[in-house]
Amino acid sequence: MRVRSAGKPNVEVRRSPRRQSTVSAYRDGGRVIVLIPDQFTRAEEREWVDKMLSRLAARDVRMRRTDAELTVRAVRLASRYFADYGERATPASVRWVANQNGRWGSCTPDDASIRISDRIMTMPAWVVDYVLLHEIAHLIVPVHSSAFWSLVNRYPKAERARGYLEGVAAVNGTTIHDD
Ligand SMILES: [Zn+2]
């Protein structure tokens with residue numbers, strides 16, 4: 001999103017007679033250098049430049065979504081939606097994990113730690129925020145009681161995000177617990 005709104009980056013295409021079929025791209029200051037084989041047509045060049053730009057953008061998203069970034073984001077969400085709970089709703093640590101046993105996220109209220117499944121890493125930001133907020137709400141209310149859901153529903157896109165996650169689970173043919 002951020003990449004697109006910033007407009008197309010300054011791209012420099014370099015043709016190499018030594019390249020047979022491989023294409024590569026890297027950043028150099030504010031520019032993106034795309035290396036292509038010399039025999040590529042203009043159409044192939046355009047196609048590959050677009051392809052390489054979207055690969056670089058996807059890599060940026062992955063890099064941005066580190067544990068540190070996730071923690072900052074969670075603390076920001078907590079202070080925005082659960083400010084009235086202060087410290088109680090402030091996560092101590094948030095990290096991405098590979099194995100969540102069929103859960104999108106989990107939390108341990110004792111040490112205020114939150115773990116988020118890396119399967120949601122490529123989902124839209126508002127869905128990631130929902131999963132974070134859901135776990136943060138568990139720091140206040142551990143069970144799925146009506147008090148818990150009224151906390152979660154402070155997030156305007158809560159219902160939409162739950163629908164999104166249910167849809168993904170259905171497409172994948174998996175059962176995901178709403179922990
Ligand atoms: Zn839950």
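Above this note sits the structure.
Note that the coordinates shown come from a computational prediction; the quantities given were computed from them, not determined experimentally.

Comments concerning the environment of Trp96
Structurally, the position occupied by Trp96 is in strand S4 (residues 93–97). In this structure the C-alpha to C-alpha distance between Trp96 and Ile114, which are 18 residues apart in sequence, comes to 8.8 Å.

A few points about the coordination of the zinc ion
A four-donor tetrahedral metal ideally has 109.5 degree angles, and a six-donor octahedral metal ideally has angles of 90 or 180 degrees. Surrounding the zinc ion are the protein donor atoms His134 (NE2), His138 (NE2) and His144 (NE2), at 2.0 Å. For His134, a relative accessible area of 2% puts it in the buried group.

Brief notes about helix H4 (residues 125–140)
End to end, H4 covers 23 Å across 16 residues, agreeing with the expected 22 Å (1.5 Å per residue, within 8%). Of all 16 residues in H4, 15 are buried, a share of seventy percent or more.

Thoughts on the sheet that holds S4
What the three strands build is an open sheet, ordered S4-S6-S5; its pairing is mixed. The open sheet is flanked by S4 and strand S5 (105–108), the only strands paired with a single partner. With strand direction ignored, the average angle separating the axes of adjacent strands in the sheet is 20 degrees. Bridge count for S5 against strand S6 (residues 113–117) is four bridges, and the pairing is antiparallel. Counterpart to Gly105 in the pairing with S6 is Ile116. The sheet contacts of H4 involve S4, S5 and S6, and relative to S5 the element is tilted by about 25 degrees.

Describing the packing of aromatic side chains
One pass over the structure, following the stated rule, counts four aromatic pairs. Aromatic side chains Phe40 and Trp48 sit 6.5 Å apart centroid to centroid with 35 degrees between the ring planes, which places their arrangement in the tilted category. Taking the relative accessible area as the measure of exposure, Phe40 reaches 12% and is therefore buried. With 4.9 Å between their ring centres and 75 degrees between their planes, Phe148 and Trp149 make a pair best called edge-to-face. In this structure, Phe148 and Trp149 share a single accessibility class: buried. Taking the ring centre of Trp126 as reference, the NZ or CZ of Arg160 above it sits at 4.4 Å. The aromatic ring of Trp149 is capped on one face by Arg162, whose charged end is 4.1 Å from the ring centroid.

Quick word on the packing of H4 against helix H6 (residues 158–171)
Two numbers describe how H4 lies on H6: the axes approach to 9 Å, and their chain directions differ by 100 degrees. Regarding the angle of H4 to H6, the classification is roughly perpendicular. For the pair formed by H4 and H6, the contact residues are Trp126, Val127, Tyr130 and Val131 on the first element and Ala158, Arg160, Ala161, Arg162, Tyr164 and Leu165 on the second. Its residues assigned to classes, the contact of H4 with H6 shows eight nonpolar, no polar and two charged.

Points about the nonpolar core
Phe82, Ile116, Ile120, Tyr130, Leu132 and Ile136 are the most contacted members of the largest nonpolar core, which totals 38 residues. Going through the elements one at a time, helix H3 (67–81), S4, S6, H4, helix H5 (146–152) and H6 are the ones with two or more residues in this core. A per-element tally of this core places H4 first, with eleven residues. Excluding anything up to four places from it in sequence, Phe82 contacts Leu77, Ala89, Leu133, Ile136, Ala137, Ile140, Leu151 and Arg154. Core analysis: the second largest hydrophobic core is formed by ten residues, Ala25, Val32, Ile36 and Phe40 among them.

The rules behind each value
All residue numbers refer to positions counted from 1 along the written sequence of the respective chain. Residue-level local features of this predicted model are given only where pLDDT is at least 70; pairs of side-chain atoms are given and counted only at 80 or more, and the full residue set underlies all totals for whole chains, interfaces and linings. The side-chain quantities take in all heavy atoms of the structure and omit both hydrogens and water. Helix and strand definitions here come from DSSP, where helices need a minimum of 4 consecutive H or I residues and strands a minimum of 2 consecutive E residues; each element is numbered from the N-terminal end. Donor selection uses N, O and S atoms within 2.8 Å of the metal (3.2 Å for Na, K and Ca). Since no water is included, sites may look incomplete. Relative accessibility under 20% of the residue-type maximum defines a buried residue, over 50% an exposed one, and the middle range a partly exposed one, all with a 1.4 Å probe and only protein chains included. A helix's residues, less one, multiplied by 1.5 Å, set its expected span. Strand pairing is assigned whenever DSSP identifies at least 2 bridges connecting the two strands. Axis definition: a line fitted to C-alpha atoms, over the contacting stretch in the case of helices. Angles run 0 to 180 degrees between N-to-C directions. Residues count as neighbours in contact if any of their non-hydrogen atoms are within 4.5 Å of one another. Here a Phe, Tyr or Trp ring, Trp counted by its six-membered ring, pairs with any other such ring whose centre lies within 6.5 Å, and the pair is stacked when the planes are under 30 degrees apart, edge-to-face when over 60, and tilted otherwise. Look at NZ for Lys and CZ for Arg. If either is within 6 Å of the ring centre and within 35 degrees of the ring normal, a charge sits over the ring. For this classification, under 35 degrees means roughly parallel, over 145 means roughly antiparallel, 65 to 115 means roughly perpendicular, and everything else is oblique. Under the grouping applied here, Gly and all other residues not named as nonpolar or charged are polar, the nonpolar ones being Ala, Val, Leu, Ile, Met, Phe, Trp, Tyr, Cys and Pro and the charged ones Asp, Glu, Lys and Arg. Only buried Ala, Val, Leu, Ile, Met, Phe, Trp, Tyr and Cys residues count toward a nonpolar core, and they belong to the same one when joined by side-chain atoms within 4.5 Å.

By themselves, these figures tell us nothing about what the structure is for.
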